[in-house]
Amino acid sequence: PIKSFSCGSESTMVVDATTSEKLWGCGWNEHGNLGTGNDEDCLTLQQVTGARVLAPPPSDGKGDTLLAAGGAHVLAMRTM
């Protein structure tokens, strides 16, 4: 299940609805902008491994993961 997503001009980012809120991305990855650990384009969703956003959400359940994807960038931020 998907909790949230953001679509840029060349990529898509997804936060899954599990308790760990893992981050996934697909699309253009020429400069490693998806955070998958390489610079290969992804035709299917791949788990993001190079982001500190993978820290677990706060145990009180008040935090959230926000996404923004643009022309050649992706931003993922964990709120507390």
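Residues numbered from 1 in each chain as written. Predicted model: local features only at pLDDT ≥ 70, side-chain atom pairs only at ≥ 80, totals over all residues. Heavy atoms only, no water.

Right, let's talk about the side chain of S11 for a bit. Looking at where S11 falls in the secondary structure, it is placed in strand β2 (residues 11-16). Ignoring sequence-local partners within four residues, the contact set of S11 consists of S6, C26, G27, W28, L34, A69 and V74. (Helix = DSSP H or I, 4+ residues; strand = E, 2+ residues; numbered from the N terminus. Contact = heavy atoms within 4.5 Å.)

Another point: the pairing of strand β1 (residues 2-7). Both β1 and β2 contribute to a ladder of five bridges, which runs antiparallel. If you follow I2 over to β2, its bridge partner there is D16. (Pairing = 2+ DSSP bridges.)

With that settled, the discussion passes to the sheet that holds β1. Note on sheets: strands pair through backbone hydrogen bonds, and any given pair is parallel or antiparallel. Read across the sheet, four strands follow the order β1-β2-β3-β4 without closing on themselves; strand pairing throughout is antiparallel. Each edge of the sheet is formed by a strand with only one pairing partner; in this case those strands are β1 and β4 (42-47). Across the sheet, the mean angle separating the axes of adjacent strands is 15° when strand polarity is ignored. (Axes fitted to C-alpha atoms, helices over the stretch in contact; angles between N-to-C directions.)

The next subject is the environment of M77. Note on placement: M77 falls in strand β6 (residues 74-79). A residue is classified by how much of its surface remains accessible, and M77, at 43% relative accessible area, is partly exposed. On a C-alpha basis, the gap between M77 and L66 in space is 5.2 Å, while along the polypeptide they are 11 residues apart. (Buried < 20%, exposed > 50% of the residue type's maximum accessible area, 1.4 Å probe, protein only.)

Turning next to a negative patch on the surface. Taken together, the side chains of E30, D39, E40 and D41 define an acidic patch exposed on the protein surface. Tracing the backbone shows E40 in the loop between β3 (23-27) and β4. (Patch = residues over 30% accessible without salt bridge, like charges linked within 9 Å, V, L, I, M, F, W, Y side chains within 5 Å. Areas by Shrake-Rupley, 256 points an atom, 1.4 Å probe, with all protein chains shown as cover. Salt bridge = Lys/Arg side-chain N within 4 Å of Asp/Glu carboxyl O. Lys, Arg positive; Asp, Glu negative; His and termini not counted. Charge placed at Lys NZ, Arg CZ, Asp CG, Glu CD.)

As for its position among the elements, T36 is in the loop between β3 and β4. A residue is classified by how much of its surface remains accessible, and T36, at 13% relative accessible area, is buried. Looking at T36, its side chain comes within polar contact range of the side chain of N29, at 3.2 Å. In terms of polar contacts, T36 uses its side chain to reach the side chain of N38, at 3.4 Å. Excluding its chain neighbours within four sequence positions, the residues that come into contact with T36 are N29, C42, Q46, Q47 and T49. (Polar contact = N/O pair within 3.5 Å; in protein donor to acceptor, adjacent residues only side chain to side chain.)

Treat this as a map of the structure, not an account of what it does.
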